Amino acid sequence: MERKARKELVVAAAIALERLTKRYGQQVVVNRLSFEIEKGEIFGFLGPNGSGKTTTIKMLCGILEPSEGTGTINGFDLVRDIRKVKRSIGYMSQQFSLNRCLTVAQNLNFYASIFGLTGDQSRRRIANVLEVTGLAGQDNKRAASLSGGWKQRLALGCAIIHEPPVVFLDEPTAGIDPVARRSLWDLLVDLATTGVTFFVTTHYMDEAERCSSLGYIYNSNLIAIGKADVLRALPAVNRPHRKLLEVTCSHLLPAVRFFRCQDYVEDATLFGHTLHVVVSQHKSTEEIWKDLFSADLDVTEIRQIQPSLEDVFVTLTEREEARCTT
Amino acid sequence: MHHLDLELRTAGGTLKPLPKLGIKNRLKQVSVRWCRLLGWLKDEFTGCRAIMVKEWLEVIEDRFALLIILAIACQIFIYGNGISFDVRDVDTVVFDQERRPQSQTVLNQLLATGYFRIKEHVSSRSEVVQAIVSGRARVGIIIPPNFSSKIQRGQCGQLQILIDGSDSTVATSLQSASIAVGLNRSIQILSQSVPAGALKRPVDVRTHTLFNPDLRTQNFLLPGIVGYIAQNVLLLFTMSSIVREREGGTLEQLMATPVTPLGLLIGKMIPYWVIGIIGTNLLLLVTHTVFRVPMIGNLLLFEFCIIIFVFVSLAVGILISCSCTNQMQVAQLAAFALIPSVMLTGLLVPRDSMPIPINWLSYLLPLTYFIQIQRGITLRGAGLPELWPWIGPLIALGVILIYLSVRRFKTYLG
């Protein structure tokens, strides 16, 4: 009993990494990653292209062998128990990687059979996946003839056919339309409520906002991890005695030029149809209004905001870049 | 020994009898061991069945590939009818300066061998040479004007036959045929001048062909061609199989599942294995029924060899596929395997006369073994004891190829 309890304690984290490293010769692609992800989370793994996201996922799925360090997934060791790890995870790679000339049903059948599902069990799971992914009724269509969004749904279906507690998704929404993107995310959130842990990489900030926790990897190093709110409150992002203002005005470019010349402004960037301006704490909004007014700029709104995730990651990246060059 | 043990124990009285393993327990132990072995095998072949089913579906879906298989298999009819090493009806020009019965007799005897076919009569020596140089004819027969008179006078009547040596096989055959005709005619003429029965040949060489008594090229060639077609079709299909999965990204997807390298490779091979065995048998049936190639040996042994040969051919393809990163490399490597299988395996050229290093190279191709086995069984009726030196290494080659494939497979993913 006691041993079982202890085992469960260890298993509490769905994914736990310890100094996970991947090297190709001299080049370090993933550098000593150590973190834990709890069950039922949607973990968003972010970072610029080439930062080591895909390599990390491939190591966690047993496609690549770690050069150093280890980790556990569902309590199974990444190095010693890789086969057990593979049985307990689902993986959806960056490119569409199902058999194009097979039908939807045949693809699902194939993956069910690979994970050792047979007979009734297999039929039940396939029916369930068809229903959950909304693919029911399209089972006889060839995978190649599906549109991008449906292809991704099928790929997700194949990844969850054996009810894995952990699912890895490598840029699942790259290159599909916004509607399909949103509905795929709705599906992920639904599944997460049933206790499935998702490990997702993405470049979309709106997707990052929907994750329950986030990690940011830059240049093969993990530089931030935590819930979205925690990241927004990072001291590196919220520089001391500074505040972030969102300025709405009709002529954006002159406004940017204006702000960049002011000595109390640390940074001004275009952000859609608004400006994000970092100013010193003791400069009040009224004073800025006044300044803008005297510069003949037509401003409709100024309000203090929390940094968005994009702010967070841009700031973190810039800070890392600066650190690397000095 | 056992008996003695028991006695000692009872005499000593202090020793407790060892717990004897009953039959039941022993059976249990054995079965546990077997279960463990089976469990291990099952682990090593995880996903094999799933891959096999999927591969079957893909093979059936791929109409184009099936058509290609059929087209290649139909080549057997072309080779069966078209290819022959038999030298027959070689174009000949004649410069007969005499045109008398003696010369006509020799000429007729030459024609009777079936090797020559007179294409034209010319009227000068240079025309004969010209005909050979231009390729209009391969043989020129020149009969001098004094041929008959010399023979009648008891002198030697000389006859010149010019042979184009650029095709050495044809040249050799014609040479020996011409000399044989000359000798025969000489003996005929000599025997006319002595009483019947007085002349006996001092030496009489007679050959007796044990197998393939008619010396049909088809008997020699067609079995080899069957192996050649089978090996190449199988190579073509497996060579691209792993690379295709890799290019499509499906391989990476599979590597994140519990599928093992062995399960994947064997699962991919099984459909082609079955197709290969059926196809080879069909081709052999054609050679047997349509082209009357004999089948002397043990059919069961032959089937066993076919099963192994098909597997090893597939394994060559799999190893190539595991070593390549794209289809272009596969195409280039294919040439590396296909051309030697014509030149080095004994299909057309006897392997006996090859230099040893090249000979060794040919052992890398399963066709080399299969041609020997096949000719042994079908033409000579050889059995397992005679063919073991070929069958054993063929099996070993298969095992080595699969082992290397699995290793290649692991390294290129890592």
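Residues numbered from 1 in each chain as written. Chains lettered and ligands numbered in written order. Predicted model: local features only at pLDDT ≥ 70, side-chain atom pairs only at ≥ 80, totals over all residues.

> Any chance you could break down the overall build of chain A for me, citing the residues and the numbers?
A count of helices and strands for chain A gives 12 helices and 15 strands. Taken over the C-alpha atoms alone, chain A extends approximately 75 × 45 × 45 Å along its principal axes. For chain A, the proportion of its 326 residues judged to be buried stands at 39%. The contacts in chain A between residues at least 6 apart in sequence include a share of 69% that link residues at least 24 apart. (Helix = DSSP H or I, 4+ residues; strand = E, 2+ residues; numbered from the N terminus. Buried ≥ 20, exposed ≤ 12 C-beta atoms within 10 Å, placed from the backbone. Contact = placed C-beta atoms within 7 Å.)

> Outline helix 11 (residues 261-289) of chain B, supporting the account with residue identities and numerical values.
Here helix 11 of chain B is 29 residues long and its end C-alpha atoms lie 42 Å apart, about the 42 Å a rise of 1.5 Å per residue gives. At B:Ile270, helix 11 of chain B shows its strongest bend, of approximately 30°, with the proline B:Pro271 following within four residues. (Expected span 1.5 Å × (residues − 1). Bend = angle between axes of the 7 residues up to and from the residue.)

> Could you give an account of the pairing of strand 4 (residues 42-46) of chain A, naming the residues involved and the relevant values?
All names here are of chain A. Across the 5 residues that make up strand 4, a large majority, 5, are buried. Of the two faces of strand 4, the one holding Ile-42, Gly-44 and Leu-46 and the one holding Phe-43 and Phe-45 are both buried throughout. Direction of pairing for strand 4 relative to strand 9 (residues 197-201): parallel, over a ladder of 4 bridges. The residue bridging Phe-45 from the neighbouring strand is Thr-201, located in strand 9. Note: strand 4 against strand 10 (residues 213-218), 4 bridges, orientation parallel. Paired with Phe-45 across the bridge in strand 10 is Gly-215. (Pairing = 2+ DSSP bridges.)

> Which residues make up the interface of chain A and chain B, and what values do they have?
Contact with chain A, which involves 21 residues of that partner, is made by 20 residues of chain B. Of all the secondary structure elements, the ones that give two or more residues to the side of chain A that touches chain B are helix 3 (82-87) and helix 4 (104-114) of chain A. Of the residues forming the side of chain A that touches chain B, the biggest block, 4 residues, is contributed by helix 4 of chain A. The residue makeup of the side of chain A that touches chain B, split by class, is 10 nonpolar, 7 polar and 4 charged. (Nonpolar A, V, L, I, M, F, W, Y, C, P; charged D, E, K, R; others polar.)

> Describe the domain arrangement of chain A, listing the residues and the values that go with them.
Considered domain by domain, chain A is made up of domain 1 (1-88 + 164-178 + 192-233) and domain 2 (242-306). The straight-line distance from the C-alpha centre of domain 1 of chain A to that of domain 2 of chain A is 39 Å. (Domains from an automatic or database assignment.)

> Break down the confidence of the model for chain B for me, citing the residues and quoting the values.
All names here are of chain B. In the predicted model, chain B carries a mean pLDDT of 84, and the fraction of residues at 70 or more is 93%. No element of chain B has a lower mean pLDDT than helix 1 (residues 2-12), at 44, and none a higher one than helix 12 (residues 299-323), at 93. The low-confidence segment residues 1-13, where pLDDT is below 50, has 2 contacts with residues more than four positions distant or belonging to other chains. Taken together, the chains of this predicted complex give a pTM of 0.78 and an interface ipTM of 0.79. (pLDDT = per-residue confidence, 0-100.)

> Outline unusual backbone geometry, supporting the account with residue identities and numerical values.
Backbone geometry places A:Asn219, a non-glycine residue, at a positive phi of 55°. A positive phi angle, close to 50°, is found at B:Arg292, a residue other than glycine. Structurally, B:Arg292 can be placed in the loop between helix 11 and helix 12.

> Please provide a residue-by-residue account of the packing of helix 11 of chain B against helix 12 of chain B, values included.
Residues and elements named next belong to chain B. Look at helix 11 against helix 12: their axes get within 9 Å of each other, and the N-to-C directions meet at 135°. With respect to each other, helix 11 and helix 12 are oriented oblique. Note that helix 11 runs across helix 12; the crossing there is right-handed. Judged by residue contacts, Leu-265, Met-269, Tyr-272, Trp-273, Gly-276, Ile-277, Thr-280 and Asn-281 of helix 11 engage Ile-306, Ile-307, Val-310, Phe-311, Leu-314 and Ile-318 from helix 12. (Axes fitted to C-alpha atoms, helices over the stretch in contact; angles between N-to-C directions. Parallel < 35°, antiparallel > 145°, perpendicular 65-115°, else oblique. Left-handed = near helix turned anticlockwise from the far one by under 90°.)

> So, the pairing of strand 8 (residues 166-170) of chain A: which residues are in play, and what are the values?
Sheet faces and side chains relate simply in a regular strand, where the side chains alternate between the two faces. Residue and element names in this part refer to chain A. Across the 5 residues that make up strand 8, a large majority, 5, are buried. Neither face of strand 8 is exposed, since Val-166, Phe-168 and Asp-170 on one face and Val-167 and Leu-169 on the opposite face are all buried. Of the strand pairs in this sheet, strand 7 (residues 89-92) and strand 8 are connected by 4 bridges, and their pairing is parallel. Bridge pairing links Tyr-91 to Phe-168 in strand 8. Alignment of strand 8 against strand 9, held across 5 bridges, turns out to be parallel. What sits directly across from Leu-169, in strand 9, is Val-200. Considered for its hand, the β-α-β crossover made up of strand 8, helix 7 (residues 178-193) and strand 9 is right-handed. (Right-handed = clockwise from strand over helix to strand, strands pointing away.)

> Can you tell me about the nonpolar core, naming the residues and giving the values?
Core analysis: the biggest nonpolar cluster contains 134 residues, and A:Ile15, A:Val167, A:Phe168, A:Phe198, A:Phe199 and B:Ala315 have the highest contact counts within it. With 14 residues, the single largest contributor to this core is helix 9 (residues 217-248) of chain B. Ignoring anything within four residues of it in the chain, the contact list for A:Phe168 reads A:Ile57, A:Leu60, A:Cys61, A:Ile89, A:Gly90, A:Tyr91 and A:Phe199. (Core = buried A, V, L, I, M, F, W, Y, C linked by C-beta atoms within 7 Å.)

> Before we move on, can you summarise the domain arrangement of chain B with the specific residues and values?
By domain assignment, chain B separates into domain 1 (50-83 + 217-413) and domain 2 (90-192). On a C-alpha basis, the centroid separation for the pair domain 1 of chain B and domain 2 of chain B is 48 Å.

> Which residues make up the sheet that holds strand 9 of chain A, and what values do they have?
Residues and elements named next belong to chain A. The sheet built from 6 strands is open, its strands ordered 7-8-9-4-10-11 with mixed pairing. The open sheet has two edge strands, strand 7 and strand 11 (221-226), and neither has a second partner. Each strand of the sheet is rotated relative to its neighbour by a mean of 15°, with strand direction disregarded. Where strand 10 and strand 11 come together, 5 bridges link them in antiparallel fashion. When the bridges of strand 11 are listed, Tyr-218 appears paired with Asn-221. With respect to the sheet, helix 2 (residues 53-60) is in contact with strand 4, strand 8, strand 9 and strand 10, its orientation differing from that of strand 8 by roughly 150°. Seen against the sheet, helix 6 (residues 148-159) touches strand 7 and strand 8 and runs at an angle of roughly 160° to strand 7.

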